[in-house]
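Now for the letters of each chain:
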Amino acid sequence: MKRRASIIGGVAAIAGSFVVFVIPFIFIILMAFKDKPQSALRDFSWPQGFHLWDNLVQVVTTRNWMMITAFINSALITVISVTLLVVLAAMVGFVLARRKTRMNGLIEFLILAGLMIPPAVVPTIWLMQGLKLFGTLHGMILIEVAYNLPFSIILYRAFVATIPRDLDEAAIIDGARPLDVFFRIILPMLWPVTVTNIVVQSVGIFNDFTNPLYYLPGNQNATVQLTLYNFQSQYNTSYNLLFTNILLITVPPLIVFLFFNRQIVAGMTAGAVKG
Amino acid sequence: MAGLEFKALHKTYGSVPVIKGVDLSVDHGEFVVFVGPSGCGKSTLLRMIAGLEDITSGELWIGDKLCNDVEPRDRGIAMVFQSYALYPHMTVYDNVGFGLKLARTDKAERDRKIRDAARILQMEALLDRKPSQLSGGQRQRVAIGRAIVRQPEVFLFDEPLSNLDAALRVDMRMELAKLHQDLGATMIYVTHDQVEAMTLADKIVVLNGGVVQQVGAPIDLYQRPANLFVAGFIGSPKMNFAEVTVQSIDGTMATVTSKDISSVSVAADTSRMSVGDTLTLGVRPHHLTLDASGTLVGGVSLVERLGNETNVSLKLPSGATWLVVLDGDHNLRGSQALQLAVDSSTVVLFDKTGQSLLAPR
Ligand SMILES: Nc1ncnc2c1ncn2[C@@H]1O[C@H](COP(=O)(O)OP(=O)(O)OP(=O)(O)O)[C@@H](O)[C@H]1O
Ligand SMILES: [Mg+2]
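Please read all numbers here as calculations on a predicted model, not as lab measurements.

Colleague: Mind showing me how you'd approach the interface of chain B and chain A here?
Modeller: Accessible area lost during the coming together of the parts is what is often quoted as the interface size. Across the contact, 23 residues belong to chain B and 17 residues belong to chain A. Note on chain B versus chain A: buried area summed over both sides is about 1800 Å², and carbon and sulfur give 63% of it. Considering only the surface of chain B that becomes buried against chain A, Arg-73, His-89 and Leu-102 of chain B emerge as the three largest contributors, covering 31% of it. Of the charged contacts in the structure, one is a salt bridge between Glu-169 of chain A and Arg-47 of chain B, with a shortest N-O distance of 2.7 Å. Taken together, chain B and chain A are joined by seven residue pairs in polar contact (both at pLDDT 80 or more). Residue classes in the side of chain B that touches chain A are distributed as 14 nonpolar, three polar and six charged.

Take a look at the structure:
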């Protein structure tokens with residue numbers, strides 16, 4: 001009886017995720033193969049003819065190769081923000097978990113507040129303009145770091161707390177200075193969390209649409225998500241190009257995920273059993 | 001060459017005093033063992049020497065350097081932790097060499113030192129493994145290896161053997177003793193284990209409540225405890241105590257009696273007592289022998305037969321329970337009456353404040 005129930009449950013779960021995740025993806029792929037008239041129908045039909053290559057060329061070359069600029073921008077923003085996030089959040093998590101001071105309560109409150117209170121766009125823009133950071137890539141990177149820092153810190157702090165303090169102390173006696181303790185002992189041991197963090201944050205930042213829209217105006221500054229606007233307008237939307245574009249920009253996060261997938265699972269089970 | 005000198009060391013956490021004024025001097029090359037009940041501040045004191053805890057007040061001298069505010073890496077010490085504290089992401093080789101790497105020792109010399117340490121500890125075959133692939137005893141070796149490559153003047157051990165099983169503990173204990181002989185460095189060792197303390201130490205420091213109770217050679221502490229606490233703490237099973245009254249004093253001999261003991265003559269510092277005083281008599285379980293003309297009578301309440309000796313719980317007429325260790329095997333029945341003699345040359349008297357009244361030597 002129990003076996004049967006679990007099989008039914010499993011099948012239902014697979015069917016459910018198929019409907020939610022796979023069908024839309026198939027729809028995107030099919031659309032990317034169609035030509036403009038057929039794609040305008042927006043139905044689940046088999047493409048008439050093979051138009052993927054034409055679509056790709058058109059998407060990439062549109063508006064003076066904007067797609068290429070966008071990929072470079074997005075890659076820069078993602079890589080630099082995630083690197084900063086990993087290093088800064090791990091450091092803050094380390095210090096918060098290790099050093100007990102009277103300020104800890106306040107700091108933790110601020111971190112939680114950063115997680116819960118939605119950022120106010122207009123004052124932020126005003127501030128960024130004042131600092132001459134508005135509409136620049138490094139400004140955008142700072143925004144992404146600031147918005148995502150609280151989550152990363154919370155992730156790291158919980159994990160640092162599970163690393164025995166004896167390890168820090170052993171390193172200190174071995175002659176390690178604070179930065180040695182962090183970079184040679186703590187950070188390597190945080191690798192499981194770091195992988196999780198890299199995946200979650202890089203997918204999030206790469207796919208971020210609204211923040212670049214607010215804080216990074218200008219064609220030169222386009223990020224990949226903003227290229228979606230190229231093919232969408234009030235009167236005339238090229239659905240085949242739009243979906244080809246979607247396909248193109250979904251691929252990098254997918255690769256990141258596939259690449260790190262095994263390590264995420266390994267990370268989640270490592271250290272679970274005390275050896 | 002580094003001895004240690006503590007001068008009125010104090011440590012308080014917030015407003016809670018943990019170490020309440022420790023004065024101690026340790027000669028170079030001595031093996032000093034800190035013992036005491038749980039929570040008495042042994043680890044805290046050791047960590048103060050290591051520089052992992054601040055010193056609230058007092059002075060800590062290592063060699064001829066005042067070390068209160070010296071960084072741990074500059075104190076010439078190495079520490080072995082109870083949990084081993086090996087770096088899990090590094091191989092044994094890197095674990096042992098970590099300190100040298102930080103000190104920027106050049107590669108060839110580093111390699112030589114690591115291999116030397118590995119040879120001393122017979123763990124050359126383990127160098128490429130990660131700590132998770134080692135047994136407890138092997139991890140302990142690596143932890144010790146990590147300490148000896150740094151060639152410190154002072155080794156600090158915080159209960160290094162307490163995670164090992166009994167047989168391995170005996171082996172490692174002997175290895176530590178040998179290591180101490182070979183290296184000739186000062187070693188400070190915290191333990192709960194009486195046997196470790198008695199066998200390893202040149203000098204035992206008994207701590208209680210953050211205060212040093214007595215410092216001395218193991219046998220001195222056993223035979224001439226300074227107070228009730230040390231008498232009860234050193235020696236296993238524990239010393240038996242009874243309240244006694246001084247019956248007569250004759251030169252350096254005091255004769256005492258109690259409800260349970262008809263009379264015992266004890267060599268003691270008689271200048272600090274007078275007839276009629278109430279004192280505490282301490283008798284070790286090993287110093288009671290079966291004797292038909294003995295002065296102590298009691299009923300057997302529990303017997304543990306170990307083969308080479310027999311542990312007997314004895315119910316005395318006053319209601320107190322004493323422990324007796326009899327040589328050899330005795331088949332005793334419950335509630336059987338035993339008559340025992342007290343070896344009066346080994347008993348100790350304590351005054352009301354708990355200080356021992358040993359005859360001066
Ligand atoms: N960080 C701390 N904050 C407050 N009190 C502490 C702290 N560390 C230790 N103590 C207190 O100091 C006292 C001594 O602790 P310590 O660890 O030195 O004991 P110990 O003798 O090593 O005991 P054990 O034999 O159980 O290891 C204990 O009462 C403990 O509660
Ligand atoms: Mg301790």
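Colleague: Teacher, can you tell me more about the packing of aromatic side chains here?
Modeller: Summed over the entire model, instances satisfying the criterion amount to 15 aromatic pairs over all chains. Taking 5.5 Å as the distance between ring centres and 50 degrees as the angle between the ring planes, the aromatic pair formed by Phe-27 of chain A and Phe-44 of chain A counts as tilted. A residue pair is termed long-range when its members are at least 10 positions apart, and Phe-27 of chain A in helix H1 (residues 2-33) and Phe-44 of chain A in the loop between helix H2 (36-39) and helix H3 (52-98) qualify at 17 residues. Taking 6.0 Å as the distance between ring centres and 80 degrees as the angle between the ring planes, the aromatic pair formed by Tyr-214 of chain A and Tyr-215 of chain A counts as edge-to-face. An aromatic cluster is present here, built from Phe-31, Phe-155, Phe-157 and Tyr-189 of chain B joined pairwise through their rings.

Colleague: Where do I start with the pairing of strand S19 (residues 337-342) of chain B in this structure?
Modeller: Residue and element names in this part refer to chain B. Direction of pairing for strand S15 (residues 288-290) relative to S19: antiparallel, over a ladder of three bridges. Along S19, the bridge assignment pairs Leu-288 with Val-342. Direction of pairing for strand S16 (residues 296-305) relative to S19: antiparallel, over a ladder of four bridges. Bridge pairing in S19 places Val-297 opposite Gln-339.

Colleague: Looking at this structure, how should I read the packing of H3 of chain A against helix H8 (residues 178-189) of chain A?
Modeller: Angle between the axes and distance between the axes: these two values describe a pair of packed helices. Residue and element names in this part refer to chain A. Running from amino to carboxyl end, H3 crosses H8 at an angle of 100 degrees, the nearest separation of the two axes being 11 Å. The angle between the axes of H3 and H8 places the two elements in the roughly perpendicular class. Each of Val-87, Ala-90, Met-91, Phe-94 and Arg-98 in H3 lies in contact with H8, whose residues at this interface are Leu-179, Val-181, Phe-182, Phe-183, Ile-186 and Leu-187. The residue makeup of the contact of H3 with H8, split by class, is 10 nonpolar, no polar and one charged.

Colleague: Looking at this model, I keep getting lost on the sheet that holds strand S3 (residues 31-35) of chain B. Mind explaining?
Modeller: Hydrogen bonding along the main chain pairs the strands of a sheet, whether they run parallel or antiparallel. Residue and element names in this part refer to chain B. Read across the open sheet, the six strands follow the order S6-S7-S8-S3-S9-S10; overall the sheet is mixed. Two strands close off the open sheet at either side, each with one partner strand: strand S6 (77-80) and strand S10 (211-216). This sheet shows a mean twist of 20 degrees between the axes of neighbouring strands, independent of strand direction. With five bridges connecting them, strand S7 (residues 154-158) and strand S8 (residues 186-190) associate as parallel partners. Bridge pairing links Phe-155 to Met-187 in S8. Along the sheet, helix H5 (residues 166-183) makes contact with S3, S7 and S8, crossing S8 at roughly 160 degrees.

Colleague: Can you walk me through the domain arrangement of chain B in this structure?
Modeller: Residue and element names in this part refer to chain B. Taken domain by domain, chain B consists of domain 1 (4-233) and domain 2 (240-350). A straight line from the C-alpha centre of domain 1 to that of domain 2 covers 39 Å. If you look at the interface, domain 1 gives eight residues, while domain 2 gives seven residues. Summed over both partners, the interface of domain 1 with domain 2 comes to about 600 Å²; 64% of that surface belongs to carbon and sulfur atoms. Broken down residue by residue, the surface that domain 1 buries against domain 2 is led by Tyr-222, Leu-228 and Ala-231, which jointly contribute 74%. The interface formed by domain 1 and domain 2 includes one residue pair in polar contact (both at pLDDT 80 or more). Secondary structure elements with two or more residues in the side of domain 1 that touches domain 2: helix H7 (218-223) and helix H8 (228-233). Each residue belonging to the side of domain 1 that touches domain 2 can be placed in one class, and the counts come to five nonpolar, three polar and no charged.

Colleague: Would you mind going over the sheet that holds strand S13 (residues 264-267) of chain B with me for this structure?
Modeller: Residue and element names in this part refer to chain B. If you trace the five strands from one edge of the open sheet to the other, you get S13-S12-S11-S14-S20, paired in antiparallel fashion. Looking at which strands have only one partner, the edges of the open sheet turn out to be S13 and strand S20 (348-350). Direction aside, the axes of adjacent strands within the sheet are offset by 45 degrees on average.

Colleague: Looking at this structure, how should I read the site of ligand 1?
Modeller: Residues and elements named next belong to chain B. In the vicinity of ligand 1, the contacting residues are Tyr-13, Val-18, Ser-38, Gly-39, Cys-40, Gly-41, Lys-42, Ser-43, Thr-44, Glu-159 and His-192. Taking Thr-44, its side chain carries an N or O atom lying 2.5 Å from an oxygen atom of ligand 1. Note that an oxygen atom of ligand 1 is positioned 3.0 Å from one of the side-chain N or O atoms of His-192. Protein coverage of the free-state accessible area of ligand 1, which is 640 Å², stands at 56%. With three residues, helix H1 (residues 42-50) is the largest single contributor of residues to the shell around ligand 1. The class makeup of the residues in the shell around ligand 1 is three nonpolar, six polar and two charged.

Colleague: It is not clear to me how unusual backbone geometry should be interpreted in this structure. Could you clarify?
Modeller: Glycine aside, a negative phi is what most residues show, and trans is what most peptide bonds show. All names here are of chain B. Of note, the bond from Ser-236 into Pro-237 is cis; its omega dihedral lies within 30 degrees of zero at 0 degrees. Relative to the helices and strands, Pro-237 resides in the loop between H8 and strand S11 (240-250). In this structure, Ser-335 is a non-glycine residue whose phi angle is positive, near 65 degrees. The topology assignment puts Ser-335 in the loop between strand S18 (321-327) and S19. Overall, Ser-335 belongs to the exposed group, its relative accessible area being 65%.

Procedures and definitions
- Residues numbered from 1 in each chain as written.
- Chains lettered and ligands numbered in written order.
- Predicted model: local features only at pLDDT ≥ 70, side-chain atom pairs only at ≥ 80, totals over all residues.
- Heavy atoms only, no water.
- Contact = heavy atoms within 4.5 Å.
- Buried area = accessible area lost by both parts, 1.4 Å probe.
- Salt bridge = Lys/Arg side-chain N within 4 Å of Asp/Glu carboxyl O.
- Polar contact = N/O pair within 3.5 Å; in protein donor to acceptor, adjacent residues only side chain to side chain.
- Nonpolar A, V, L, I, M, F, W, Y, C, P; charged D, E, K, R; others polar.
- Phe/Tyr/Trp six-rings, centres within 6.5 Å; stacked < 30°, edge-to-face > 60°.
- Helix = DSSP H or I, 4+ residues; strand = E, 2+ residues; numbered from the N terminus.
- Pairing = 2+ DSSP bridges.
- Axes fitted to C-alpha atoms, helices over the stretch in contact; angles between N-to-C directions.
- Parallel < 35°, antiparallel > 145°, perpendicular 65-115°, else oblique.
- Domains from an automatic or database assignment.
- Near = heavy atom within 4 Å.
- Areas by Shrake-Rupley, 256 points an atom, 1.4 Å probe, with all protein chains shown as cover.
- Buried < 20%, exposed > 50% of the residue type's maximum accessible area, 1.4 Å probe, protein only.

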